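Commentary on secondary and tertiary structure
Now for the letters of each chain:
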Amino acid sequence: MNKPAIVIAALVLTAFGIAGTTLVAFTHHQTGDRIAENERQALLRQLDALVPVESVDNDMIADRVTVSDPEMLGAPETTVYIGRRTGEPVAAVFTTVAPNGYSGPVKLLVAVRRDGTLGGVRVVSHRETPGLGDKIELEKSEWILGFDGRSLGDPPAARWTVRKDGGDFDQFTGATITPRIVVTAVKKTLLYFRDHQQTLFATPKQTAATAGVSG
Amino acid sequence: MSEKTYREIVSDGLWNNNQALVALLGLCPLLAVTSSAVNGLGLGLATTLVLTLSNTTVSLIRNLVRPEIRLPVFVLVIASFVTAVELSMNAWFHGLYKVLGIFIPLIVTNCAIIGRAEAFAAHNPVPRALADGLSIGIGFTLVLVTLGGMRELVGQGTLFSDMHLMFGEGARGLELSVGDDYPGVLLAILPPGAFLGLGLLIALKNVIDDRLKRRQQPHRVSADTPEAEAA
């Protein structure tokens, strides 16, 4: 192949590179807002199920803190959404990760009310075995609702595990690992909340002054 | 090379040269995604869209691109379209996008798409390339939906569940169920179920082809050797 041919080929390839990038950039620009809104709506729906919209008057998605405690919360960084009503903290929703699932991490939302009881737990994403471990999803079974209203004292600490290990929570036929790690992750989140409640609730972003007094 | 008629293009895409059942291309997304009919339909439609767009584009530029750089250009065209489709799906079918997740980018690696670009679209005018992309895509989609439906029915005893992810809340009623006490067959949902199901579909296609052939030549006797027929 002589030199001009190589140059022409390179130019054609460059032209296609530019055209392809333009197409992707254009689509990204057109869909960006909608995708962000979709994700926001999905998160809002999940938060609403755990901390009812009526019980808070702040924007929970904006009022969040990022904490780091891989040992207790399962991920290098954990986002915590804070629900408040007239400036008073109502609940904290942890994006806890159970890192040791049967096939990879299980991402959870764990809502803890101010008094230390659970507002509820939901699974955000997981890769557990369909038909066995996936009963942790609310769409598949009501098992996850068993956490509602529980706290560190209910059941007592020793019984905060699945029945097979002498605890109070059911496992599924054929799948013990998945419920076990979810129960453990929720328990650890409650422990973290007990120890860090003050710092979590102390820092509202918009109204730092008032919270300093009340918190 | 004699020109294919449109009739041939369509029948090849849907049946004779079905990419999933005959060419066995695109197995990675095919096996991974087909745990339910709606997943198969979603991936099938996305693949069809990309295939039609890429075939048309490749055909449009077939005289412009030198042979030395045609493969990188095809890959570029396909990758751009897949990314655009992925973003659009995330924007307008968010629920389904979450289900199909990582398999949408995998359309890029579906060899059926670059295969059609190289084998057909690069040598044919635009309308024919478009028809080929559509028929191949629809043929692929039909296999995905059938396999997804089979696995869903055997595995969890439902058919067309979660259709609302694609067609809105009104489609919830489409779900058929064989009864609440159906125990479910886990094997069908797990990856081996995909291989078994695909094997059964290929066997079924071969049986049907065999029957058709025999019906067309009812009076043939053993004078024709099988080798001659195969050739």
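Residues numbered from 1 in each chain as written. Chains lettered and ligands numbered in written order. Predicted model: local features only at pLDDT ≥ 70, side-chain atom pairs only at ≥ 80, totals over all residues.

**Observations regarding the interface of chain B and chain A**
Here is the rule: The contact rule is simple: place each C-beta atom from the backbone, and if two of them lie within 7 Å, those residues are in contact. Put simply, DSSP H or I for four residues or longer makes a helix, DSSP E for two residues or longer makes a strand, and each gets a number counted from the N terminus. Each residue receives one of three labels: charged for Asp, Glu, Lys and Arg, nonpolar for Ala, Val, Leu, Ile, Met, Phe, Trp, Tyr, Cys and Pro, and polar for the others, Gly being one of them.
Counting residues at the interface gives 23 residues for chain B, matched by 18 residues for chain A. Breaking the side of chain B that touches chain A down by element, the ones donating at least two residues are α4 (70-92) and α9 (186-189) of chain B. Broken down by element, the side of chain B that touches chain A gets its largest block of residues, 12 residues, from α4 of chain B. Partitioned by chemical class, the residues of the side of chain B that touches chain A number 13 nonpolar, 8 polar and 2 charged.

**Examining helix α1 (residues 3-50) of chain A**
Cut-off, in case you're wondering: In this scheme, a helix's expected span is set at 1.5 Å multiplied by one less than its residue total. The angle between axes fitted to the seven-residue stretch ending at a residue and the seven-residue stretch beginning at it gives the bend at that residue. Exposure is read from a count of other C-beta atoms within 10 Å of each residue's own; the residue is exposed at 12 or fewer, buried at 20 or more and partly exposed in between. C-beta atoms are placed from the backbone.
Its 48 residues give α1 of chain A an end-to-end C-alpha distance of 67 Å, which sits within 8% of 70 Å, the value for a rise of 1.5 Å per residue. Of all the bends found along α1 of chain A, the most pronounced is centred on Thr 31 of chain A and spans about 45°. When we look at burial in α1 of chain A, the residues that qualify are Phe 16, Gly 20, Leu 47 and Leu 50 of chain A. Buried residues in α1 of chain A make contact with β2 (78-85), β3 (88-94), β5 (106-113) and β6 (118-125) of chain A together with α4 of chain B.

**Thoughts on the domain arrangement of chain A**
Residues and elements named next belong to chain A. This is how it is decided: The start and end points of each domain follow an automatic or database-based domain assignment.
Per the domain assignment, the segments of chain A are domain 1 (1-50) and domain 2 (53-214). For domain 1 and domain 2, the distance between their C-alpha centres works out to 36 Å. Of the residues lining the interface, 8 residues belong to domain 1; the matching set on domain 2 comes to 10 residues. Here the residues of the side of domain 1 that touches domain 2 are counted per class, giving 5 nonpolar, 1 polar and 2 charged.

**Concerning the nonpolar core**
All names here are of chain B. Worth spelling out the cut-off: Throughout this description, the term nonpolar core refers to a group of buried Ala, Val, Leu, Ile, Met, Phe, Trp, Tyr and Cys residues whose C-beta atoms join them within 7 Å.
Ranked by internal contacts, the top residues of the largest apolar core, which has 51 residues, are Ala 46, Val 50, Phe 81 and Val 85. Those elements that place two or more of their residues in this core are α2 (27-33), α3 (37-60), α4, α5 (94-100), α6 (111-119), α7 (126-156) and α10 (191-216). For this core, the leading source of residues is α3, giving 11 residues.

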